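# Coordinate inspection notes
Here is what each chain is made of, one letter per residue.
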Amino acid sequence: MKRMLVPLMTLLPCFCLAQFDDAKWIGSEQTVLYADYLPQFKICWTVQLDKASRSDRMALLFGGNDPRLMDRNMNILGVENGVDESYIKLELDAASSHLNIWRIGYTVEGRELLKSFELGAFDAYECHTIEAQCCLGSADILFDGQKLGDVVLNPMGRGGDYIAFPQLSQIGYAMEAGKLAIIHNVEVRNYRSPYGFLYADKNMQKIGDKKKEVLRLTDPSRGAMPELQCKFALKQKPVKEATLTATARGIYQATLNGKQVGSEYYAPGISQYNKTHFYQQYDVTTMLQSDNRLRVRLGEGWWAGALTFGGGNWNYFGDQLAFIARLVVRYEDGDSTVVTTQPETWEVSNYSKVTYASMFQGEVFDNTVEANVWRKACEAKLEGHLPTEGGGTTPQVCDYSNFRLLPASTSVGLHTVLKAQQVNEVRPGVFVYDMGQNMAGVPRITMRGLRKGQTVTFRFAEVLYPNLPEYADKKGMLMLENIRAAMAQDIYIAGGDACEVFAPDMTLHGFRYIEITGIDEPLPTVDVEGLVVSSVDRFTAEFECSNPKVNRLWQNIQWSMLSNFISMPTDCPQRNERMGWSGDISVFSRTAVNMADVDEFLNQHMQAIRDVQTEDGRFPDIAPIGGGFGGMLWGSAGITVPWECWLQYGDLDILAHHYEAMARYIDYIDSHYFEASTGLLVQLRQWGDLGDWLGLEDGKNDKTLLFEAYYIYDLDIMRQTALLLNKEADAERYQRRLDERKQFFIEHYIDPKTGRTVFSAFDPKRQGQPIDIQGSYVLPLAFNIVEGELREIVLERLVACIERENTTDGGVNCPPYSLMTGFITTAWISRVLSDGGRSDVAYRLLQQEDYPSWLYPVTQGATTIWERLNSYTHTAGFGGNNSMNSFNHYSFGAVGQWLINRCLGIERDEEQPGFSHFILRPEVDPTGQMTFARGHLDTRHGRIESSWQTNADGTVNYTFNIPEGTSATLLLPRKTPMELKAGKYSY
Ligand code: BGC
């Protein structure tokens, strides 16, 4: 069974770390600035108009010459600017005492006056500061430190849901002829605390020309991603073993004597770094020689740079990347050589091939850089580099009071390599490669005969603009609106070698299509590869049946799991989100534990959930990181996920380790979420208390019914967990509460005569009226809230809802057997039908192809599970959802568990978790549409196989394989249960 995650020590920021001996965190004092990829910044100028010339006007510029606005193929705004034709302009007009905000060249309008702020009286010939605090296209404008107001600079829209304009890009000034001024100081800092400097020019500049206009834009970019190195020699005697222990603030890739150490991506992985920080250990014995060079590249990873949909989360954990390591070489004779990271013995370079490396924005690789420029490394202390934001449900990441350094138990590795299937030249010089499969990872591109300095640009998208009238001018081009503010663009500057391979490893893209520009001829498709990376190394379950669309659905679930199990379980891998949303993993967890061995992975995630649990016990909507919205249907992941690990893997440690946090969460619900006047579990009556998210009839549901049902499920898990952990008093308490709430549920949400669900007093206007939609029946059945006869009539109501036509909240009519449920109840609907003997309905629902259904996306060409059942349709395109529309979201794929557990019938026995004994209960498709199903599940006892096949005469053949070390109860229709030992069986 699993080892316990034991906290090793509690440390304060400037500690020494036991695992690292006297090693120090080291890094560079210089921060990289790549201005074309920087959508958050504060830019401030100190200026003074020239008195002698009676100058009364000057303008300061940023967001200049953004390459995306200089090439009509790189934007959907319809612009193609020449040099110095696009920028944001802050115009100080002393004559009228105004500060005017202009947007030039960003749209087809050309010049747009966005806002004009009145300044009141001021002496223009004195020094003044003008500042723009810009975050994903919205800016606060300040004059002499006073906020004048805000302005939306981004023509795409306000906030993080859009392709972000402007980036900092080039900065400068514009002067009319005859106007003169002085700039005393230009500063660019980060938007988030500690507001570190990215650029500072303290030189006094006289600007303007007596006779002609002057417009100057310059690129403030500087530096590159830090690299570190250390040279060391070994003693001349035989080496027994050598171990490198390492971790980073950011992500790292180490090489020893030119060879890569380990094979993982994005080490040390994400965590709530101020609480739990993982480290790796590598056996490097065979990599050593007498003189050695250990070299390390750092990327922003999840520590710094872009993270989540909020631009204010840039540099979420800190603004300085750092590395710490200890290499211990043991000789045969017992002697040893120890190398640790020390500023004195290590060198750092900010001039290297990797100009920039960001998970969201992409990687910029300059192969013209021949040799790094090295200087002494600096000690990287946290002081002065930590943000102070946070509070409420978003933890303060500067709080290191409970810091632990733990060995990583999961990693991200290369899973598969895909080769492009085809290439299209969509516009002259725009080559779009189709990988044939939506995926998450990085490209590997082989290029021949590039000129030195030739710049090749790669963009990544999940979908293309379809051939529909509204997209006539974009047809076949990458659809990047749903990637939103993540730049998702790599740039390669060729070194001019005969053959060059670009394989970035410090970024992550979610894509099916790669657009390549900057090459003269298309590359052969074999040279365009997609490296699929994942924390899932192999699948433990496979499934195949006679319905090819269901098979594709199964593969789509696998692909979405691969793409979203990357160091943490994310909602999606592509847009500026990629967060550990709790609701998503809660509903998908049962499928996930079947699909792969993710016990360690989910253990690690539970650590993250504990790390961001609030002091009063609330489980987060997002972990690590915290914040977000969702409420208890999301937070319940802290209870349901460890429970799944226990049942599937027999992992009692996860429950033992997590129990206290689970109990605190229940206490939190008890003390915060109940309404005294009605007794209902209402949560906070706020929008963020989400219900059946993205369910087509969610608006017709009573959210509190879902809350109460999940609370009951949580209590049931708590009761059973308490018993397992020998906490009888707790178990009794949870049992009492469970009985009470079940009773309450039945009294308030079910009409006992008809079995219909009814509205509670949550919405007094609807109280007592029937709810009667699919999503209202699923949970009371799934969580055994309704029992006996009541259960039967409730199930009938559910079946009636499925068998009838339904109308979405938006008024769309849906045929019978439509899937009207959202993230939460979709996960359970098939199971409750099968449990109630209605697998016929489950199969019809599964194999329905009209919208809305699981197979509808398959008919539309889906290769992964979509965020919406209609993310794309051949007729309506993206249906207006161009922004919140991920094509790689596993939540609706939660039907995967039913395919294994019921269609194949390989089901764990809850009385004997971990498959020490299990249930075989294949459900043959009673509708006859599916004629066979076969597959397997790998458990700790080995592979369990199951198949069934229907014959023309109505008989069914079954085969099973039960591995050694376990046994099963076989439940077949109209047969008495049979106990089977290890062996192969056919019936
Ligand atoms: C995410 C979801 C998540 C939800 C919470 C979305 O933006 O992609 O999957 O659960 O927000 O509201």
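Since the model is a prediction, treat every value here as computed from it, not as a measurement.

### Considering the overall build of the protein
Across its full length, the protein holds 14 helices and 51 strands. Taking 987 residues into account, the globule formula puts the C-alpha radius of gyration at 30 Å, and the protein, at 30 Å, falls close to it. Projected onto its principal axes, the C-alpha coordinates of the protein cover approximately 100 × 80 × 60 Å. Buried residues in the protein amount to 64% of all 987 residues. The contacts of the protein with a sequence gap of at least 6 include a subset with a gap of at least 24, amounting to 72%. As displayed, the protein offers around 34900 Å² of accessible surface, 48% of which is attributable to carbon and sulfur atoms.

### Structural notes on the sheet that holds strand β45 (residues 917-920)
Taken in spatial order, the four strands make up an open sheet running β44-β45-β49-β50, and their pairing is mixed. Looking at which strands have only one partner, the edges of the open sheet turn out to be β44 (906-908) and β50 (978-980). Across the sheet, the mean angle separating the axes of adjacent strands is 30° when strand polarity is ignored. Looking at chain direction, β45 and strand β49 (residues 967-970) are connected through four bridges and run parallel. Looking at β49, one finds that His 917 is bridged to Ser 967.

### Concerning the environment of Met 568
Note that Met 568 resides in strand β41 (residues 568-569). For Met 568 and Gln 604, which are 36 residues apart along the polypeptide, the C-alpha to C-alpha distance reads 8.2 Å. Each residue touching Met 568, except ones within four places of it in the same chain, is listed here: Ile 270, Trp 302, Arg 578, Met 579, Gly 580, Phe 601, Ala 623 and Pro 624.

### Considerations on the nonpolar core
Counting residues in each nonpolar core, the largest one holds 319 residues, and the members touching the most others are Phe 62, Tyr 266, Phe 565 and Val 598. Sequence-distant contacts of Tyr 266, defined by excluding residues within four places in its chain, comprise Ile 251, Trp 302, Met 359, Val 412, Val 442, Asp 505, Met 506, Thr 507, Leu 508, Val 533 and Ile 566. Ala 59, Leu 61, Ile 104 and Leu 217 belong to the second-largest nonpolar core, a separate cluster that totals seven residues.

### A short note on the pairing of strand β21 (residues 322-331)
Taking burial as the measure, the ten residues of β21 include eight buried ones, the bulk of the element. In this sheet, strand β22 (residues 336-340) lies alongside β21 in antiparallel orientation, the contact comprising five bridges. If you follow Val 329 over to β22, its bridge partner there is Thr 337. Between the end of β21 and the start of β22, which pair antiparallel, lie four residues, with Gly 334 showing a positive phi angle near 95°.

### Here's the deal with the pattern of salt bridges
Scanning the model with the defined rule gives 59 salt bridges in all. For Lys 700, the salt bridge is made with Glu 697, and the minimal N-O distance between the two is 3.1 Å. Relative accessible area serves as the criterion here: at 27%, Lys 700 is assigned to the partly exposed category. Judged by its relative accessible area of 3%, Glu 697 falls in the buried class. In this structure, Asp 772 and Arg 804 form a salt bridge, with 3.0 Å as the shortest nitrogen-oxygen distance.

### Here we look at the sheet that holds strand β6 (residues 111-118)
With antiparallel pairing, the six strands of this open sheet are ordered in space as β6-β5-β4-β3-β10-β14. The strands lining the two open edges of the sheet, one partner per strand, are β6 and β14 (214-218). If you compare each strand with its neighbour and ignore which way they point, the axes differ by 15° on average. Pairing analysis gives six bridges linking strand β3 (residues 57-64) to strand β4 (residues 87-93), with the strands arranged antiparallel. When the sheet's bridge partners are listed, Arg 57 is paired in β4 with Asp 93.

### A few points about unusual backbone geometry
Between Phe 165 and the following residue, Pro 166, the backbone shows a cis peptide bond with an omega angle of -10°. Within the secondary structure layout, Pro 166 lies in the loop between β9 (146-152) and β10 (170-175). Of the consecutive residues Ser 193 and Pro 194, the connecting peptide bond is found in the cis state with omega at 10°. Among the structural elements, Pro 194 can be located in the loop between β11 (181-189) and β12 (197-201).

### Observations regarding the environment of Lys 981
Tracing the sequence through the fold places Lys 981 in the loop between β50 and β51 (983-986). Taking the C-alpha atoms as reference, Lys 981 lies 67 Å from Arg 72; in sequence the two are 909 residues apart. When neighbours within four sequence positions are excluded, Lys 981 is seen to be in contact with Ile 962, Thr 966 and Ser 967.

### Some details on the site of the ligand
The environment of the ligand is formed by Asp 571, Arg 575, Glu 577, Trp 581, Asp 584, Phe 629, Trp 634, Leu 690, Trp 693, Phe 823, Glu 867 and His 889. Taking Asp 584, its side chain carries an N or O atom lying 2.5 Å from an oxygen atom of the ligand. One of the side-chain nitrogen or oxygen atoms of Trp 634 is found 3.0 Å away from an oxygen atom of the ligand. Considering the ligand on its own, with 300 Å² of exposed area, one finds that the protein chains cover 97% of that surface.

### A closer look at the packing of helix α3 (residues 599-612) against helix α6 (residues 652-672)
Two elements in contact, α3 and α6, have axes whose closest approach is 11 Å; the angle formed by their N-to-C orientations is 15°. Overall, the two elements α3 and α6 adopt an arrangement that is roughly parallel. As α3 packs across α6, the resulting crossing turns out to be left-handed. Counted together, Leu 602, Asn 603, Met 606, Ile 609 and Arg 610 of α3 and Ile 654, His 657, His 658 and Ala 661 of α6 form the full contact between these two elements. Counted by class, the contact of α3 with α6 contains five nonpolar, three polar and one charged residues.

### Some thoughts on the pairing of strand β24 (residues 354-358)
Most of β24 is tucked away, with five of its five residues classed as buried. The pairing of β24 with strand β25 (residues 362-366) spans four bridges and is antiparallel. Within β25, the residue paired with Tyr 356 across the bridge is Val 364. Connecting β24 to the next strand, β25, in antiparallel fashion are three residues.

### A word on the side chain of Ser 586
Structurally, Ser 586 can be placed in helix α2 (residues 582-595). Take Ser 586: its relative accessible area is 6%, and that puts it in the buried class.

### Thoughts on helix α14 (residues 896-903)
The element α14 is largely enclosed, with a buried count of eight among its eight residues. Among the residues of α14, those classed as buried are Gly 896, Gln 897, Trp 898, Leu 899, Ile 900, Asn 901, Arg 902 and Cys 903. Looking one or two residues beyond α14, the residue adopting positive phi is Gly 905, at roughly 80°.

### Things to note about the confidence of the model for the protein
In the predicted model, the protein carries a mean pLDDT of 96, and the fraction of residues at 70 or more is 98%. pLDDT under 50 marks residues 1-15. Its contacts with residues more than four places away, or in other chains, come to 43 contacts.

### Regarding the packing of aromatic side chains
Describing an aromatic ring pair means giving the distance of the ring centres and the angle of the ring planes. Taken as a whole and assessed by the stated rule, the structure comprises 51 aromatic pairs. Taking 5.4 Å as the distance between ring centres and 35° as the angle between the ring planes, the aromatic pair formed by Tyr 400 and Phe 403 counts as tilted. Both residues of the pair, Tyr 400 and Phe 403, belong to the buried class. Residues Phe 745 and Tyr 749 carry aromatic rings whose centres are separated by 4.9 Å and whose planes lie at 40° to one another, so their mutual orientation is tilted. Of this pair, Phe 745 and Tyr 749 both sit in helix α8 (residues 728-749), four residues apart, roughly one helical turn. Taking NZ or CZ as reference, Arg 68 lies 3.9 Å from the ring centre of Phe 165, over its face.

### Examining the packing of helix α1 (residues 548-564) against α2
In the contact formed by α1 and α2, the axes pass within 11 Å of each other and the chain directions differ by 95°. It follows that α1 is roughly perpendicular to α2 by the angle criterion. In contact with Trp 554, Ile 557, Gln 558 and Met 561 of α1, α2 contributes Phe 588, Thr 591, Ala 592 and Met 595. Among the residues making up the contact of α1 with α2, the classes are represented as six nonpolar, two polar and no charged.

Rules used in this analysis
Residues numbered from 1 in each chain as written. Predicted model: local features only at pLDDT ≥ 70, side-chain atom pairs only at ≥ 80, totals over all residues. Heavy atoms only, no water. Helix = DSSP H or I, 4+ residues; strand = E, 2+ residues; numbered from the N terminus. Rg over C-alpha atoms; globule rule 2.2 N^0.38 Å. Buried < 20%, exposed > 50% of the residue type's maximum accessible area, 1.4 Å probe, protein only. Contact = heavy atoms within 4.5 Å. Areas by Shrake-Rupley, 256 points an atom, 1.4 Å probe, with all protein chains shown as cover. Pairing = 2+ DSSP bridges. Axes fitted to C-alpha atoms, helices over the stretch in contact; angles between N-to-C directions. Core = buried A, V, L, I, M, F, W, Y, C linked by side-chain atoms within 4.5 Å. Salt bridge = Lys/Arg side-chain N within 4 Å of Asp/Glu carboxyl O. Near = heavy atom within 4 Å. Polar contact = N/O pair within 3.5 Å; in protein donor to acceptor, adjacent residues only side chain to side chain. Parallel < 35°, antiparallel > 145°, perpendicular 65-115°, else oblique. Left-handed = near helix turned anticlockwise from the far one by under 90°. Nonpolar A, V, L, I, M, F, W, Y, C, P; charged D, E, K, R; others polar. pLDDT = per-residue confidence, 0-100. Phe/Tyr/Trp six-rings, centres within 6.5 Å; stacked < 30°, edge-to-face > 60°. Lys NZ or Arg CZ within 6 Å of the ring centre and 35° of its normal.

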